[in-house]
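# Residue-level structural notes
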Amino acid sequence: MDKAQVAAVLEEIATLLELQGENSFRCNAYARAGRSIAQLEQSLADVIAADQLGEIPGVGETLRGKITELATTDHLPFYEDLKAKTPPGLLTMLRLPSMGPKKVKALYDILGIDDLDKLKKACEEDKIAGLKGFGAKTQEKILEGIAFIGEVGERVRIDQAQLVARELVAALQKVAGIRRLEVCGSLRRRKEVVKDIDILVSADDAKPIMTAFVKLPQVQKIVAHGETKSSIVAAVLDEAGHRVMMNADLRVVTDAQYPFAQAYFTGSKEHNVAMRQRAIQYGLKLNEYELAGPKKSIPCKEEADIYKALDLDYVPPELREETGEIAAAAKHQLPNLVETKDLTGCFHNHTTWSDGKASLEQMAQAARKLGFKYLGIADHSPSLTVANGLTPERVKQQHKEIDDLNKKSRGFRLFKGTECDILADGSLDYSDKVLESFDYVVASVHSHFNQTEAETTQRVIKAISNPRVTMLGHATGRLLLRREGYKVDLGAVIRAAAEHGTMIEINANPYRLDLDWIHCKRAKALGVKLVINPDAHAADELAYTDYGVDVARRGWLEKDDLFNTASLAQVTKELEARRAR
Ligand code: DGT
Ligand code: CA
Ligand code: ZN
C-alpha cells in the first residue's frame, strides 16, 4: 500500500475505534498518524527502508509495526478484526449530517440501532428526541438526512466513479486477449453522478477475461459471474482515504459487435430508443449486436459508422440525452463542443490568504503547468470568517503581492479578484470602493440557505445587477449527494444575468458542478457568457476544470460561449471595459 492508502486505513481505524468506544486519546493517535503519513514528502517505502518511521510526528512503537505491516503486506489483522466487529450499518449512519461516531455509538448502545431503517423507525416513534445530546431538532435532521440518502441511493460522484473505473481499467488492460475496451454508460456521457460502471470489452474468447475480472484485487463482492457478463462490487480508496464502493459490470462481445454494444451501453436509454426509431425509418433494425436490414446486416467498424449509416453526424457521448441531438445531427447542426485545451485560465481560486492550501505563487505555478495564460485569485470576503475572509486592509496587501508577482512573470498574469459574499439582503460584503479595486468580482451565496425561493431569487438578482459584479459563483450552492442547494428560481436569475451582462460560473468542483448542464443550455440561449471555474482550494484542484468542461459539453457549449477560452489580451480588455462602465 502507498502512503495515501495506509493513511486511509489509519483514519478508518480511528473511526472504528471511536465506534467501539475506545478512549479518544487512542483514536486521535491513529487519526494523527494517518494525517502525518498522508503529508509525507517521500514515499512510504523509502521511509520504511531508511528506518525513519519513528521520526514521523505521532508515530510510536505500536503504530510503527502496524504501518510497516500494512505498507508491505497490504493486510492488518487488527484492522480487519475491527471491521468485522463493527456492524456495517453504523458506518452508513455516519454519512448523516451532524452524526459523529459518539452519537452513532450512543444510539447503538442505548437503542440497539445499527442501520438506517432502525434509525428511521426510532425517529418516527419519537424515541431519539428525548435522548441526552440529541433533541427534537436533531431527530428532525436525522429524518431529513435519511430521506436524502434514500433518494440518492447508491449513486456516486463522477470524480469517484472515474477513480474506480480507472483502477479497474488499468488492472483489466493487463489481461491478455482484449482487443478493444471502453467504459460506457453514464460515465462515458460524463454525467455528474453515476450509478454503476459499464465496462465493455471485445475479445475472441470471453471466458479468461471474465475469470480475470472477478479476481481483480478491487473486487469486494461478486454479484454475478457469467459467460459474457459479470457484475462485481468494487472498492477503491480515494485520495482523502474514503472507501468508494460501487457496482461494475463487464460485458465481453466480439470485435464485430463492439461498435453496436458500445453505442448501446453508452446510452442514454432515451437516446437509444430514438436511434432505434430512426433505424426503423430506414427499414433497419438496431440493437446492441448489429444494424441489420431485411437481408443482411450493415457492417460498422466504429461507432461513428452507425451514425453515418443513418445519415447522422457523429453525436458525442455527452450529448446523448435525447434533448434534440438526433435532429441536430441530421441537419448537421451539432455544436462544435468546447474542449479542455480551449481553456486559457480560470477565475475562482483560493489561496492561503483565505482558506486555500497553496500560496499565490504556488497557484500561479500550477496554473502555468496546466498551460493557462492567466489565473484569477478570488479569496473570500470578510463575512466568511470561518474561511479567513480578507478585510479591505488585507485586500490591499494581497494586491501588492500580486503586483510584485506579475512584475516578475512574462506571458502569464495573475488577476485580482474576490469571491465576495452576497449578504442576506442581496448587498455585497465589500463597499463599492473596495469592489472597484479588483479586476473582477465573483459574487456567491454562502449563508441563509433557509430563505424562501422568492427571497433568495431577489437576493441573487440584486447582487448580479450590481455592475461591479462580473460573475455569479456556484448558482445553487448544492453539494452533490450531500446537500440540496438553496431554493432559487434559476430561470429568473439567468434572465437577470442576460439583462445586466453578468456572467455565470460553471463551478467545476466535482461536489458542485453548478450551474448544471441543463441550465447552461438556457443561459447560452439567452446569450449569457459562462465561465468554467475550479473553485480550487489547492494547487492540484485547478485540474477540476476538466469536470467543468464535461458540464459545458453536456450543455452544448462551444468555445465562444465561455469567457475563459479567450486570449489573455481579450480577457484583459474585457475586464477593463467592464470596470470602466
Ligand atoms: P446510471 O444509472 O448512472 O448507471 O446510467 P446508465 O446510463 O449508465 O444506465 P445503466 O447502467 O442502467 O445502463 C447502461 C446503458 O445501457 C444505458 O445508458 C442504456 C443501455 N440500456 C440499459 N437498459 C436499457 C433498456 O432497457 N433499453 C435501452 N434501449 N437501452 C438500455
Ligand atoms: Ca451505468
Ligand atoms: Zn464559494
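Residues numbered from 1 in each chain as written. Chains lettered and ligands numbered in written order. Predicted model: local features only at pLDDT ≥ 70, side-chain atom pairs only at ≥ 80, totals over all residues. Heavy atoms only, no water.

### So, the overall build of the protein chain
The cut-off we apply is this: Helix numbering and strand numbering both begin at the N terminus, where a helix is a DSSP run of H or I of at least 4 residues and a strand a DSSP run of E of at least 2. Here the radius of gyration uses the C-alpha set of atoms, whereas the globule reference equals 2.2 Å times the residue count to the power 0.38. Throughout this description, buried means an accessible area under 20% of the type-specific maximum (1.4 Å probe, protein chains only), exposed means over 50%, and partly exposed covers the range between. Here, residues are in contact when the closest pair of their heavy atoms is within 4.5 Å. Using a 1.4 Å probe, accessible areas were evaluated by the Shrake-Rupley method; residue-level cover was limited to the displayed protein chains. Counted as positive: Lys and Arg. Counted as negative: Asp and Glu. His and the chain ends are not counted at all. Taken as the charge centre is NZ of Lys, CZ of Arg, CG of Asp or CD of Glu, depending on the residue.
Tallying secondary structure elements over the protein chain gives 24 helices and 16 strands in all. In terms of overall size, the protein chain behaves like a compact globule, its C-alpha atoms giving a radius of gyration of 26 Å where 581 residues would be expected to give roughly 25 Å. The principal-axis extent of the C-alpha atoms belonging to the protein chain is close to 75 × 65 × 60 Å. Residues counted as buried form 52% of the 581 residues belonging to the protein chain. Long-range pairs, those at least 24 residues apart, make up 68% of the contacts in the protein chain between residues at least 6 apart in sequence. Accessible surface for the protein chain amounts to roughly 27,100 Å². Of this, 50% is attributable to carbon and sulfur atoms. Across the protein chain, 80 positive and 84 negative side-chain charges occur, with their mean positions spaced 2 Å apart.

### Concerning the pairing of strand β7 (residues 243-253)
The test is simple: Following DSSP output, two strands are said to pair if at least two bridges run between them.
With 8 of 11 residues buried, β7 lies mostly within the body of the structure. Where strand β4 (residues 196-203) lies against β7, 7 bridges are found, and the strand directions are parallel. Counted as the bridge partner of S202 is V253 from β7. Where strand β6 (residues 229-237) lies against β7, 9 bridges are found, and the strand directions are antiparallel. By the bridge assignment, K229 is partnered in β7 with R251.

### Observations concerning helix α13 (residues 258-266)
Taken across its 9 residues, α13 has 8 buried, putting it largely inside the fold. Where α13 is concerned, the buried positions are Y258, P259, F260, A261, Q262, A263, F265 and T266. Downstream of α13 by one or two residues, G267 has phi in the positive range, about 70 degrees.

### Brief notes about unusual backbone geometry
In this chain, G267 is followed by S268 through a cis amide linkage whose omega measures -10 degrees. Within the element layout of this structure, S268 appears in the loop between α13 and α14 (269-281). For the bond running from D514 to L515, omega is 20 degrees, close enough to zero to count as cis. You will see that D126, though not glycine, has its phi angle at about 60 degrees, which is positive. Residues other than glycine seldom take positive phi values, yet N388 does so here, at roughly 60 degrees.

### Digging into the coordination of the calcium ion (ligand 2)
Stated precisely, the cut-off is as follows: The donor set comprises N, O and S atoms within 2.8 Å of the metal, extended to 3.2 Å for Na, K and Ca; water molecules are omitted, so apparent gaps in a site may simply reflect that omission. All geometry calls rest on donor angles, where a four-donor set with angles between 85 and 135 degrees is tetrahedral, four- and six-donor sets with opposite donors more than 155 degrees apart and all others between 65 and 115 are square planar and octahedral, and all else is irregular.
Each protein donor to the calcium ion (ligand 2) is listed here as D196 (O), D196 (OD) and D198 (OD); together their distances run 2.2 to 2.8 Å. Geometry at the calcium ion (ligand 2) is irregular, judged from its 6 donor atoms and the angles of 67 to 165 degrees they form at the metal. Taking the relative accessible area as the measure of exposure, D196 reaches 15% and is therefore buried.

### Some details on the coordination of the zinc ion (ligand 3)
Looking at the zinc ion (ligand 3), one finds its protein donor set to be E419 (OE), H446 (NE2) and H474 (NE2), positioned 2.1 to 2.3 Å from the metal centre. For the zinc ion (ligand 3), all donor residues lie on one chain, and their spacing in sequence is E-x26-H-x27-H. With a gap of 55 residues between them, E419 in strand β12 (residues 413-421) and H474 in the loop between β14 (471-472) and α21 (490-500) connect regions that are remote in the sequence. The two residues E419 and H474 agree in class, both being buried.

### A word on the packing of helix α2 (residues 24-38) against helix α4 (residues 61-73)
To be explicit about the condition: Comment: axis = line fitted to C-alpha atoms, over the contacting stretch for helices; angle = value between 0 and 180 degrees taken between N-to-C directions. Orientation is classified from the angle alone, with under 35 degrees giving roughly parallel, over 145 giving roughly antiparallel, 65 to 115 giving roughly perpendicular, and any other angle giving oblique. Two helices that cross are described as forming a left-handed crossing if the nearer one is turned anticlockwise from the farther one by less than a right angle, and a right-handed crossing if clockwise.
Look at α2 against α4: their axes get within 12 Å of each other, and the N-to-C directions meet at 55 degrees. Considering the angle they form, α2 stands oblique to α4. In this structure, the crossing between α2 and α4 has a hand that is right-handed. From α2, A29, Y30, A33 and I37 reach across to α4, where they touch L63, K66 and I67.

### With respect to the pairing of strand β5 (residues 219-225)
In this structure, β5 lies alongside β6, joined through 5 bridges in antiparallel fashion. The residue bridging A224 from the neighbouring strand is S231, located in β6. Connecting β5 to the next strand, β6, in antiparallel fashion are 3 residues.

### Points about the domain arrangement of the protein chain
As a reminder of what qualifies: Residue ranges for the domains trace back to a domain assignment, done automatically or taken from a database.
Domain annotation of the protein chain identifies domain 1 (1-86), domain 2 (92-152), domain 3 (156-254), domain 4 (259-330) and domain 5 (340-580). Centre-to-centre separation of domain 2 and domain 5, based on C-alpha positions: 37 Å.

### Regarding the pattern of salt bridges
Side chains carrying opposite charge are able to pair once their charged atoms draw close together. In plain terms, the rule: When a carboxyl oxygen of Asp or Glu is within 4 Å of a side-chain nitrogen of Lys or Arg, the pair counts as a salt bridge.
All told, the structure shown has 38 salt bridges when counted by the stated rule. We note a salt bridge from E125 to K127, for which the minimum N-O separation is 2.9 Å. Residue classification places K127 among the partly exposed residues on the basis of a relative accessible area of 44%. The salt bridge partner of K341 is D342, with a shortest N-O separation of 3.7 Å. We classify D342 as buried; its relative accessible area is 13%.

### Quick word on the site of ligand 1
The following threshold applies: The near set for a molecule or strand comprises every residue that places at least one heavy atom within 4 Å of it. Within 3.5 Å is the distance limit for a polar contact, defined as a pair of N or O atoms, with the added protein rule that one can donate a hydrogen and the other accept it, and that residues adjacent in sequence qualify only through two side-chain atoms. Asp, Glu, Lys and Arg are counted as charged, while Ala, Val, Leu, Ile, Met, Phe, Trp, Tyr, Cys and Pro are counted as nonpolar; the rest, among them Gly, fall into the polar class.
Neighbouring residues of ligand 1: 15 residues in total, closest S186, R189, K195, D196 and D198. In this structure, R189 approaches ligand 1 through a side-chain N or O atom, which is 2.9 Å from an oxygen atom. Within the side chain of R276, a nitrogen or oxygen atom sits 3.5 Å from a nitrogen atom of ligand 1. When ligand 1 is considered free in solution it has 590 Å² of accessible area, and contact with the protein chains removes 73% of it. Put simply, the parts of the chain that give the shell around ligand 1 at least two residues each are α11 (185-188), β4, α13 and α14. Residues belonging to the shell around ligand 1 are distributed by class as follows: 3 nonpolar, 6 polar and 6 charged.

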